[in-house]
Amino acid sequence: MTDTVLDRFALAEGRAMVTGAGRGIGEGIAIALAEAGCDVVLTARRGHEIEAVAERVRSLGRRAIAVAGDITDGAFVEELADRAVAELGGLTLWVSNAGGADDRTPRHLADMPDRQWDYQLDVNLRAVFTGARAAARVMDDGGSIINISSTAALRASPNNGPYAVAKAGVDSLTKTLSIELAPRAIRVNGVAPGPVPTEVFMEFFGATEADLPQLATKLGVPLGRLGTPEDVGNAVVFLASRASSWITGQTLVVNGGSR
Amino acid sequence: MRDEIVRLFDLTGRFAVVTGAATGIGEGIARVLAAAGATVAVADIDIAGAERVATDIGGVAVEVDVTDPVACADTFGSLGERLDIVVNNAGSYHDAGSILDQSVESWRRAIDVNLASLFNCCKPSAARMVEQGGGGAIVNIASVDGVLACLGTGYDSAKAGAIHFSRSLALDLAPHGIRVNAVSPGVVPVPTLARMHAGEIGHFWPEHASTSGLMGPITTMRSANVPLGRKGTPDDIAHAVLFLVSDASSYVTGQNLVVDGGWTIV
């Protein structure tokens, strides 16, 4: 088979872990990876959601395993890596996408209870570290780790402080991991989505379906539309592919040019 | 099924202009865009070199000096039936070097060929894309030197300028659906560098540059160490360009994608 330019953007024989894969951006990433040729391990807290996504992956002709659990539990993260090895024969890609909060009440940091801070740092930052550690343990040399960040990391995020701090930490983690894993040719990159109207996003902005057409203008997105899970999934496919084999430590912002 | 996503990177039916495409990174970009289906205009000041590449990839060769705004207006205003993709790769590090050795004329040349050239090429391209009804993608090839200090005030400032030029133009042209991004290559051994080292063309390091911080132990150590363990290839850069001009990146604009094997982040 000849190696065409477009083949270098595909992920034939790929075996990917996607955390937070039950809906929204994680679901978009899982489907994009499956379309590009990956078998996928899907994880999230809600079993019925990842099982539905697993069905979509299988309908694309790829293998899928759904493993429900709590990503902030370090033992569960190690178990995920072991399941991937046992059932898919290993991993070539780990996408840390899970994020969110148990208490999404918008608060200034001055009014923030420890619990809200701790939980957000655990799920949005610590789980990215434990995920990368587990990935590095089971992955052959030449694999790839992709951490989903947020443009919230890039500037002040009033009412969303712990999330922004955690995501800024993710960007730093991406840089350091990329250097530490470079001798094994494991590349580590990030994708920082801008406004993508996921359930969490809609809740944060108090927006409804009816608000969506105006929301891009209201948020000042130069390209004039909100992002989609597919936009993020496509960037993940590029960063996981051979076409990006000399890119490491970078976080690609996918935000329609918005702030 | 795989075709579903790979189709997003396909450029069939699109018309692209790549400047500085007779050799090195530009040639690699022209070849990759053509292999992805685009019809490519190979633009260069060296028309013989451009013809060689164009013949190879079934494209057209165009002679253009990117420091000449009139020539650029002609070229970008008339090439092809429709202008979809512009990759501004032409540039030069001939005028890189220490401020202690550099004349003001040399400094201005560095800015002219690496930064003002972007204005010369983007202005007629943008006008054309808007006139066509909007849409299109522009990629400006900057450099890691625009992120980290490397080769002196002229070249480094021009490349940093190229990155910010891209952000500014992205905001400017977004209402027309035109995306603008930068790609910053790290160390890519290209024929021009080899010819410099062989003494065939002028070397940008003056003899006494060792008295300058540019060739001091810090930068020497840094440039010897690429975390991923290899130098880049024109293909590495070309693949990033293909992503940024394709539909796979339709929500990406105003960004600078660094392709350097991890070099700038250590």
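Residues numbered from 1 in each chain as written. Chains lettered and ligands numbered in written order. Predicted model: local features only at pLDDT ≥ 70, side-chain atom pairs only at ≥ 80, totals over all residues. Heavy atoms only, no water.

Trainee: Pulling in residues and values, what's your account of the overall build of chain A?
Mentor: Check the secondary structure of chain A and you find eight helices and seven strands. Whereas a compact globule of 259 residues would reach a radius of gyration of roughly 18 Å, chain A reaches 17 Å, a difference of no more than 12%. In terms of overall dimensions, chain A has C-alpha extents of about 55 × 40 × 35 Å along its principal axes. Here chain A holds 259 residues, and the buried ones make up 58% of them. Intrachain contacts of chain A at a sequence separation of at least 6 include 71% that bridge at least 24 residues. Separation of charge centres in chain A, based on 25 positive and 31 negative side chains, amounts to 3 Å. (Helix = DSSP H or I, 4+ residues; strand = E, 2+ residues; numbered from the N terminus. Rg over C-alpha atoms; globule rule 2.2 N^0.38 Å. Buried < 20%, exposed > 50% of the residue type's maximum accessible area, 1.4 Å probe, protein only. Contact = heavy atoms within 4.5 Å. Lys, Arg positive; Asp, Glu negative; His and termini not counted. Charge placed at Lys NZ, Arg CZ, Asp CG, Glu CD.)

Trainee: Any details on a nonpolar patch on the surface? Residues and values, ideally.
Mentor: On the surface, a cluster of nonpolar side chains totalling about 250 Å² of accessible area is made up of Leu109, Trp117 and Val165 of chain A. Take leucine 109 of chain A: it is sitting in the loop between strand S4 (93–96) and helix H4 (114–138). (Patch = residues over 30% accessible without salt bridge, like charges linked within 9 Å, V, L, I, M, F, W, Y side chains within 5 Å. Areas by Shrake-Rupley, 256 points an atom, 1.4 Å probe, with all protein chains shown as cover. Salt bridge = Lys/Arg side-chain N within 4 Å of Asp/Glu carboxyl O.)

Trainee: Describe the packing of H4 of chain A against helix H5 (residues 161–181) of chain A, naming the residues involved and giving the relevant values.
Mentor: When two helices pack together, their arrangement is given by the angle between their axes and by how far apart the axes lie. Residue and element names in this part refer to chain A. Two elements in contact, H4 and H5, have axes whose closest approach is 8 Å; the angle formed by their N-to-C orientations is 15 degrees. Taken together, the axis directions place H4 and H5 in an arrangement best described as roughly parallel. Along this stretch, H4 crosses H5, giving a crossing that reads as right-handed. Note on element contacts: H5 touches H4 through Pro162, Tyr163, Val165, Ala166, Lys167, Gly169, Val170, Leu173, Leu177 and Leu181, opposite Trp117, Gln120, Leu121, Asn124, Leu125, Val128, Phe129, Ala132 and Ala136. (Axes fitted to C-alpha atoms, helices over the stretch in contact; angles between N-to-C directions. Parallel < 35°, antiparallel > 145°, perpendicular 65-115°, else oblique. Left-handed = near helix turned anticlockwise from the far one by under 90°.)

Trainee: Would you mind going over the interface of chain A and chain B in detail, with residue names and values included?
Mentor: In this complex, chain A contributes 43 residues to the contact, which on the side of chain B involves 45 residues. Together chain A and chain B conceal approximately 3,900 Å² of surface at their shared face, both sides included; 70% is due to carbon and sulfur atoms. At the junction of chain A and chain B, the tally comes to one salt bridge. For aspartate 235 of chain B, the salt bridge goes to arginine 8 of chain A, with nearest N and O atoms at 3.5 Å. Between chain A and chain B we count 11 residue pairs in polar contact (both at pLDDT 80 or more) in total. Taken together, the elements giving at least two residues each to the side of chain A that touches chain B come down to helix H1 (24–35), H5, helix H8 (229–240) and strand S7 (251–254) of chain A. For the side of chain A that touches chain B, the element with the most residues is H8 of chain A, which contributes five residues. (Buried area = accessible area lost by both parts, 1.4 Å probe. Polar contact = N/O pair within 3.5 Å; in protein donor to acceptor, adjacent residues only side chain to side chain.)

Trainee: Explain the side chain of arginine 128 of chain B to me, using residue names and the numbers behind them.
Mentor: Residues and elements named next belong to chain B. For arginine 128, the position within the fold is in helix H5 (residues 104–131). It is glutamate 131 that comes nearest to the buried, bridge-free arginine 128 among opposite-charge side chains, at 5.6 Å. One polar contact links the side chain of arginine 128 to the main-chain carbonyl oxygen of phenylalanine 76, over a distance of 2.9 Å. At 3.0 Å, the side chain of arginine 128 forms a polar contact with the backbone oxygen of leucine 79. When near neighbours in sequence (up to four residues on either side) are disregarded, arginine 128 contacts Phe76, Gly77, Ser78, Leu79, Gly80, Glu81, Arg82 and Leu83.

Trainee: Let's hear about the pairing of strand S3 (residues 64–68) of chain A: which residues, and what values?
Mentor: Residue and element names in this part refer to chain A. For strand S2 (residues 39–44) and S3, the ladder comprises five bridges, and the chain directions are parallel. Residue pairing in the sheet places leucine 42 in a bridge with alanine 66 of S3. Handedness of the S2-helix H2 (residues 47–59)-S3 crossover: right-handed. (Pairing = 2+ DSSP bridges. Right-handed = clockwise from strand over helix to strand, strands pointing away.)

Trainee: Explain helix H4 (residues 69–78) of chain B to me, using residue names and the numbers behind them.
Mentor: Residue and element names in this part refer to chain B. Burial in H4 covers these residues: Cys72, Thr75 and Phe76. Projected down its long axis, H4 shows its buried positions confined to an angular sector of 85 degrees, all on one face. Residues of H4 that are exposed and point over 90 degrees away from its buried face: Val70, Asp74 and Ser78. Of the surrounding elements, those touching the buried residues of H4 are strand S1 (15–19), strand S3 (60–63), strand S4 (85–88) and H5. With a side-chain oxygen positioned 3.0 Å from the backbone nitrogen of valine 70, the residue opening H4 is aspartate 68. Count one or two residues on from H4 and you reach glycine 80, which has phi positive near 70 degrees. (Arc of directions from axis to C-beta.)

Trainee: Which residues make up the packing of aromatic side chains, and what values go with them?
Mentor: With the rule as written, the count across this model stands at six aromatic pairs over all chains. Measuring from ring centre to ring centre gives 4.3 Å for phenylalanine 238 of chain A and phenylalanine 243 of chain B, while their planes differ by 5 degrees; the resulting arrangement is stacked. Pair noted here: phenylalanine 238 of chain A is in helix H8 and phenylalanine 243 of chain B is in helix H9 (residues 234–245), and the two residues belong to different chains. As far as the burial class goes, phenylalanine 238 of chain A and phenylalanine 243 of chain B line up, both buried. Relative to phenylalanine 243 of chain B, the ring of phenylalanine 9 of chain B has its centre 6.3 Å away and its plane inclined at 35 degrees; by these criteria the two rings are tilted. A residue pair is termed long-range when its members are at least 10 positions apart, and phenylalanine 9 of chain B in the loop between helix H1 (2–6) and S1 and phenylalanine 243 of chain B in helix H9 qualify at 234 residues. Phenylalanine 9 of chain B sits in the buried class, given a relative accessible area of 0%. Taking the relative accessible area as the measure of exposure, phenylalanine 243 of chain B reaches 0% and is therefore buried. Through a chain of ring-to-ring contacts, the aromatic side chains of Phe9 and Phe238 of chain A together with Phe9 and Phe243 of chain B assemble into a single cluster. (Phe/Tyr/Trp six-rings, centres within 6.5 Å; stacked < 30°, edge-to-face > 60°.)

Trainee: Requested: an account of the pairing of strand S1 (residues 15–19) of chain A, with residues and values cited.
Mentor: For a regular strand, the rule is simple: side chains alternate between the two faces of the sheet. Residue and element names in this part refer to chain A. For S1, the buried fraction is high: four of the five residues fall into the buried class. In the sheet, S1 pairs with S2 via five bridges, with the strands oriented parallel. Note that in S2 the partner of alanine 16 across the bridge is valine 40. For the crossover that starts at S1, traverses H1 and ends in the parallel S2, the hand is right-handed. One ladder, built from three bridges, connects S1 with S4; its direction is parallel. Bridge pairing in S4 places methionine 17 opposite tryptophan 94.

Trainee: Which residues make up the environment of alanine 30 of chain B, and what values go with them?
Mentor: Residues and elements named next belong to chain B. For alanine 30, the position within the fold is in helix H2 (residues 24–35). Residue alanine 30 is classed as buried on the basis of its relative accessible area of 0%. In this structure alanine 30 touches Val18, Ala21, Val40, Val42, Val53 and Ile57, once residues within four positions along its chain are discounted.

Trainee: Can you break down H9 of chain B residue by residue, with the values?
Mentor: Residue and element names in this part refer to chain B. Given a rise of 1.5 Å per residue, 12 residues ought to cover 16 Å, and the 16 Å separating the end C-alpha atoms of H9 matches this to within 8%. Taken across its 12 residues, H9 has 10 buried, putting it largely inside the fold. Among all positions in H9, only Asp236, Ile237, Ala238, His239, Ala240, Val241, Leu242, Phe243, Leu244 and Val245 are buried. (Expected span 1.5 Å × (residues − 1).)

Trainee: A description of the side chain of aspartate 156 of chain B should follow, citing residues and the corresponding values.
Mentor: Residues and elements named next belong to chain B. Within the secondary structure, aspartate 156 sits in helix H6 (residues 153–173). With a relative accessible area of 9%, aspartate 156 lands in the buried category. Polar contacts involving the side chain of aspartate 156 include one to the main-chain amide nitrogen of cysteine 150, which spans 2.7 Å. The residues touching aspartate 156, leaving out its near neighbours within four places in the chain, are Asp145, Gly146, Leu148, Ala149, Cys150 and Leu151.

Everything listed here is a matter of geometry and, on its own, says nothing about what the molecule does.
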